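Structure at a glance
Given next are the chains, with one letter for each unit.
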Amino acid sequence: MKKKIHFICFLLLLLSLSVGGIRVQATSFVSQSHKSKITVYLVGDSTVSTYDSSVAPRAGWGQVFEEEFRHKVTVRNEAQSGRSSKSFIDEGRLDAVLSEIQKGDYLFIQFGHNDEKIEDPSRYTEPSTTYKSYLKQYIDGARAKKATPVLITPVERRRFTEEGIAYDSHGTYPQAVKELGKEKNVPVLDLTEKSKALYQELGIEKTKDVFLWLEKGEHPNYPEGVIDNTHFQENGAREISHLVAEGVKELKIVPLKNYLNKE
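Residues numbered from 1 in each chain as written. Predicted model: local features only at pLDDT ≥ 70, side-chain atom pairs only at ≥ 80, totals over all residues. Heavy atoms only, no water.

In the nomenclature of an unreviewed UniProt entry, the chain corresponds to Lysophospholipase L1 from the organism Priestia endophytica DSM 13796. We quote the UniProt Sequence similarities (unreviewed entry) comment for the chain here in full: "Belongs to the 'GDSL' lipolytic enzyme family." (UniProt positions renumbered as here; feature names shortened; annotations may be inferred.)

**As for the overall build of the chain**
Assigned secondary structure in the chain consists of seven helices and eight strands. Per-residue burial for the chain yields a buried fraction of 46% across its 263 residues. Roughly 14100 Å² of accessible area belongs to the chain as shown, and the carbon and sulfur atoms make up 54% of that amount. (Helix = DSSP H or I, 4+ residues; strand = E, 2+ residues; numbered from the N terminus. Buried < 20%, exposed > 50% of the residue type's maximum accessible area, 1.4 Å probe, protein only. Areas by Shrake-Rupley, 256 points an atom, 1.4 Å probe, with all protein chains shown as cover.)

**Observations regarding the side chain of Thr207**
Looking at the element boundaries, Thr207 is found in the loop between α6 (191-206) and β7 (211-214). For Thr207, a relative accessible area of 0% gives the class buried. A polar side-chain atom of Thr207 sits 2.9 Å from the main-chain carbonyl oxygen of Ile204. If near-sequence neighbours (up to four positions away) are discounted, Thr207 is found in contact with Arg158, Phe160, Tyr199 and Leu202. (Polar contact = N/O pair within 3.5 Å; in protein donor to acceptor, adjacent residues only side chain to side chain. Contact = heavy atoms within 4.5 Å.)

**A word on the sheet that holds β7**
As summarised here, the arrangement of the three strands in space is β2-β8-β7, forming an open sheet in which the pairing is antiparallel. Either end of the sheet is taken by a strand with one partner, and the two such strands are β2 (58-59) and β7. Sheet analysis places β7 next to strand β8 (residues 226-233), joined by four bridges and oriented antiparallel. Note that in β8 the partner of Leu214 across the bridge is Val226. (Pairing = 2+ DSSP bridges.)

**So, the pattern of salt bridges**
Scanning all chains against the criterion turns up 18 salt bridges. Arg76 serves as the salt-bridge partner of Glu78, at 3.1 Å between the closest nitrogen and oxygen. Lys194 is paired through a salt bridge with Glu250; the nearest N and O atoms lie 2.9 Å apart. Note that Lys194 is positioned in helix α6 and Glu250 in helix α7 (residues 234-250), a separation of 56 residues in sequence. Among the residues examined, Lys194 registers a relative accessible area of 17% and is labelled buried. A single salt-bridge network, built from bridges that share partners, covers Arg76, Glu78 and Glu100. (Salt bridge = Lys/Arg side-chain N within 4 Å of Asp/Glu carboxyl O.)

**Focus on the side chain of Arg83**
Within the secondary structure, Arg83 sits in the loop between β3 (73-77) and α2 (85-90). Among the polar contacts listed, one links the side chain of Arg83 to the side chain of Glu91, at a separation of 3.0 Å. Those residues in contact with Arg83 that sit more than four places away from it in its chain are Gly44, Asp45, Phe88, Glu91, Arg93, Phe111 and Asn114.

**As for α6**
Taking 1.5 Å as the rise per residue, α6 with 16 residues should run 22 Å; its terminal C-alpha atoms sit only 19 Å apart, a clear shortfall. By the largest-angle criterion, Gln200 marks the main kink of α6, which is about 60 degrees. Within α6, burial applies to Leu191, Thr192, Lys194, Ser195, Lys196, Leu198, Tyr199 and Gly203. (Expected span 1.5 Å × (residues − 1). Bend = angle between axes of the 7 residues up to and from the residue.)

**Notes on the nonpolar core**
Core analysis: the biggest nonpolar cluster contains 36 residues, and Phe65, Phe108, Tyr199 and Leu256 have the highest contact counts within it. Within the residue set of this core, elements represented by two or more residues are β1 (38-44), β3, β4 (106-110), β5 (148-152), α6 and α7. For this core, the element with the highest residue contribution is α7, accounting for six residues. Ignoring sequence-local partners within four residues, the contact set of Leu256 consists of Ile38, Val40, Phe69, Val73, Tyr106, Phe108 and Val248. Counting residues in each nonpolar core, the second largest holds 25 residues, with Val97, Ile101, Ile109 and Val186 among its members. (Core = buried A, V, L, I, M, F, W, Y, C linked by side-chain atoms within 4.5 Å.)

Written as C-alpha cells, this is what we have:
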C-alpha cells in the first residue's frame, strides 16, 4: 500500500514539473513573440490623426501609415487634432505613450501647425526656444524607454503664389526641428520639403484632390461642400504616408525600413 502511495506521489510530482515546464515555455514564447513585434507610435496634430466615418473622407496620414509595412509592424496613432508639442504634453498624452512604449519601438514626432498659434498661450511655442524644449521631452522620454525617436518636420499646407509656385507656410519651425535633430543626434524626416515638392509637381488644381476640397453635394458629410487647405482626404493622406515611408527608407532607419512594402 505504501509503495502505491509513493508511486502516485512520484507521478504527481512528474506531472507538476511537466506542466510547469510547459507553462515556462509558453511564457517564454509569448515574451519572444512580443519582442519580435515592432510598434511605431505616432504623436502629432490633426494632419496625422485618425478620424471616424462621420467626417470622411477627411483623414490624417497616420490613419493609413500601417499600410506601408508588410508585416511585423504595428502602428499606434496617438496624434490628436488641435494639439501642439506643448499641449500634447500638458494634457498627459506623452506620459500615456511613454507608459506603453517598449525597447525596440519607435516614436515618430510631428508638431508645428498648432505651435504656431501665437494667440493661444496654451499651445504656442517659440521655434528656437520652447518648441525645441518641448520636443526634447519626446526624444528623452523615448530614449529612456530604449525606443527610437524620429523627428518629422510639419507637413506643408496647400499654399501657392499667383504664378503657381508652392511656398512655405511654417516659418522657422522646420529649421528648428532640423537643428534639434543635429543637436540630439536624432533622424529628421523632412516632410515639409517632401510635401511641398509633391504639391509643386501636382500643381494648383490637382492638389485639391489631396486636400479636403469637395463640391456642394459631392459627399453626404459635407452637403455644402468644403474648402480646406490644411487637412487631407483619404487619397491625399496616403500620398503623405508614402512620403513618410520614403523618408524612412532614405534615412536608413533600421530595422524598420526592412519591413516596408517593396515597390
